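Letter by letter, the chains look like this.
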Amino acid sequence: MLITCPYCGPRDVIEFTYQGDGNRERPDPASQNFEAWNAYVYDRLNPAGDHNEIWQHSGGCRAHLRVVRNTLTHEISSVAFMRGGHISAARRKAEDKS
Ligand SMILES: [Zn+2]
């Protein structure tokens, strides 16, 4: 599986570290809503299809990336820096061919 880092380009998945589910939203740190904290810590989606994930390019630029990966085919449709720098699937395919 190749992941196209917006900074480094296409790289093998071995250079990346999975950082977790990209759908979670952390409750307010001052919140004492235990149900919200319990859901944040323990609840995970397990979709058959596109899934938002957080990966770190730990063997490269060390950037944290927001990746949309199909859990059935492992096809990656979107890679973006956690803060901006989105790369579309069309651009990624064009870069993979070069
Ligand atoms: Zn990188």
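Structure first, text after, so check above.
Since this is a predicted model, take the numbers as computed values, not measurements.

Considering the coordination of the zinc ion
Right, on to step 1. Looking at the metal site, the zinc ion is ligated by Cys5 (SG), Cys8 (SG), His57 (ND1) and Cys61 (SG), spaced 2.1 to 2.4 Å from it.
Right, on to step 2. Its four donor atoms give the zinc ion angles of 104 to 120° at the centre, a pattern that matches the tetrahedral case.
Right, on to step 3. For the zinc ion, the donor residues sit on a single chain with the sequence spacing C-x2-C-x48-H-x3-C.
Right, on to step 4. Cys8 gets classed as partly exposed once you look at its relative accessible area, which sits at 22%.

Points about the side chain of His51
Right, on to step 1. Summarising the element assignment, His51 is placed in strand β4 (residues 50-56).
Right, on to step 2. Apart from the residues within four sequence positions on either side, His51 is in contact with Tyr18, Asp21, Asn23, Leu45, Val67, Val68, Arg69 and Thr71.

Thoughts on unusual backbone geometry
Right, on to step 1. Positive phi values are uncommon outside glycine, yet Arg62 reaches one of about 70°.
Right, on to step 2. If you trace the backbone, Arg62 turns up in the loop between β4 and β5 (64-70).
Right, on to step 3. The backbone phi angle of His74 is positive, close to 65°, even though this residue is not glycine.
Right, on to step 4. Along the chain, His74 falls in the loop between β5 and β6 (76-81).
Right, on to step 5. Residue class for His74 comes out partly exposed when judged on its relative accessible area of 44%.

Regarding the nonpolar core
Right, on to step 1. Judged by nonpolar contacts, Ile3, Cys5, Phe16, Trp55, Ala63, Leu65, Val67, Ile76 and Val79 together constitute the single largest core of nine residues.
Right, on to step 2. Only β1 (2-5), β5 and β6 provide two or more residues apiece to this core.
Right, on to step 3. Every residue in contact with Leu65, bar those within four places of it in the chain, is listed here: Cys5, Pro6, Phe16, Glu53, Ile54, Trp55, Val79, Ala80, Phe81 and Met82.

Observations regarding the environment of Tyr40
Right, on to step 1. Mapped onto the elements, Tyr40 comes out in helix α1 (residues 34-42).
Right, on to step 2. Taking the C-alpha atoms as reference, Tyr40 lies 6.2 Å from Arg26; in sequence the two are 14 residues apart.
Right, on to step 3. If we skip the residues at most four places from it in the chain, Tyr40 touches Arg24, Glu25, Arg26 and Pro27.

Brief notes about the pairing of strand β2 (residues 9-12)
Two faces, one strand: in a regular strand the side chains alternate between the faces of the sheet.
Right, on to step 1. Bridge count between β1 and β2: four bridges; the pairing is antiparallel. Bridge pairing in β2 places Cys5 opposite Gly9.
Right, on to step 2. Counted along the chain from β1 to the antiparallel partner β2, the turn is three residues long.

What about the pattern of salt bridges?
Right, on to step 1. Overall, the coordinates contain two salt bridges when judged by the stated rule.
Right, on to step 2. Across the pair Arg11 and Glu15 runs a salt bridge, and its minimum N-O distance is 3.9 Å.
Right, on to step 3. On the basis of relative accessibility, which here comes to 31%, the residue Arg11 falls in the partly exposed class.
Right, on to step 4. Judged by its relative accessible area of 23%, Glu15 falls in the partly exposed class.
Right, on to step 5. Arg69 serves as the salt-bridge partner of Glu53, at 2.7 Å between the closest nitrogen and oxygen. Highlighted residues: Glu53 in strand β4 and Arg69 in strand β5, separated in sequence by 16 residues. Accessibility assignment for this pair places Glu53 and Arg69 in one class, buried.

About the thresholds
Residue numbers restart at each chain and count upward from 1, following the sequence in its written direction. Local features in this predicted model are restricted to residues of pLDDT 70 or higher, and side-chain atom pairs are both shown and tallied only at a pLDDT of 80 or more, whereas totals for entire chains, interfaces and linings draw on every residue. To obtain the side-chain values, all non-hydrogen atoms of the structure were used and water was disregarded. Donor criterion used throughout: N, O or S atom within 2.8 Å of the metal, extended to 3.2 Å for Na, K and Ca. Water excluded; incomplete-looking sites may result. The geometry test gives tetrahedral to four donors whose angles all lie between 85 and 135 degrees, gives square planar to four donors and octahedral to six donors whose opposite members are over 155 degrees apart with all other angles between 65 and 115, and gives irregular to the rest. Only protein chains enter the accessibility calculation, which uses a 1.4 Å probe; a residue is then buried when its area is under 20% of its type maximum, exposed when over 50%, and partly exposed in between. Only DSSP runs of H or I covering at least 4 residues are called helices, and only runs of E covering at least 2 are called strands; the numbering of each starts at the N terminus. The contact definition used throughout considers only heavy atoms, calling two residues in contact when any of these lie within 4.5 Å. Residues grouped as a nonpolar core are buried Ala, Val, Leu, Ile, Met, Phe, Trp, Tyr and Cys residues, joined through side-chain atoms within 4.5 Å. Should DSSP find at least two bridges between two strands, the strands are taken to pair. Take a side-chain nitrogen of Lys or Arg and a carboxyl oxygen of Asp or Glu: if they are within 4 Å of each other, that pair is a salt bridge.

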